Amino acid sequence: MTRITVALLFFLCSCQGATDFSEITPDQPHASFHVRISNNFSGLVRFSNASTGMKTYYWNLGFLTAERKPAESEIAHPIIFFPANGTYLVRLTAKTSQGEVFSYEKQVRITNFQ
């Protein structure tokens, strides 16, 4: 049921996007992502993983859960509800099959929470 709900939300939300990338060659392993903030759902953000050459992913989403633990995800393209308006530092740490670790972080500004 959760997968269906997330897919439905993904399909229904119209989003605005932002990206910023350094010069990276296509064959070079790296971690990166795009951010899409929903115009329809308060606090809803879709992360599109743009990493290449990675096997595993760990996201620190920059806020604490209700249980006072860091909000995190290990899926490639998480869809997250942020708890309030504000600026969050989101960090993606990705690992290649050879064990090399790459990180990428970006500030995400939530202004649509109602």
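Going by the structure above, here's the rest.
Below: a short report on this structure.

Looking at the packing of aromatic side chains
Then, in step 1: This structure, assessed with the given rule, holds eight aromatic pairs.
Then, in step 2: Residues Phe-33 and Phe-47 carry aromatic rings whose centres are separated by 5.7 Å and whose planes lie at 75° to one another, so their mutual orientation is edge-to-face. Of the two residues, Phe-33 is situated in strand S2 (residues 33-38) and Phe-47 in strand S3 (residues 44-49); the sequence distance between them amounts to 14 residues. The pair Phe-33 / Phe-47 is uniform in exposure class, with both members buried.
Then, in step 3: An angle of 45° between the planes, with centres 5.3 Å apart, marks the rings of Phe-47 and Trp-59 as tilted. Pair noted here: Phe-47 is in strand S3 and Trp-59 is in strand S4 (residues 56-64), with a separation of 12 residues, a long-range link. Trp-59 carries the same exposure label as Phe-47, and that label is buried.
Then, in step 4: An aromatic cluster is present here, built from Phe-33, Phe-47, Trp-59, Phe-63, Phe-82, Tyr-88 and Tyr-104 joined pairwise through their rings.

Criteria and cut-off values
Residues numbered from 1 in each chain as written. Predicted model: local features only at pLDDT ≥ 70, side-chain atom pairs only at ≥ 80, totals over all residues. Heavy atoms only, no water. Phe/Tyr/Trp six-rings, centres within 6.5 Å; stacked < 30°, edge-to-face > 60°. Helix = DSSP H or I, 4+ residues; strand = E, 2+ residues; numbered from the N terminus. Buried < 20%, exposed > 50% of the residue type's maximum accessible area, 1.4 Å probe, protein only.

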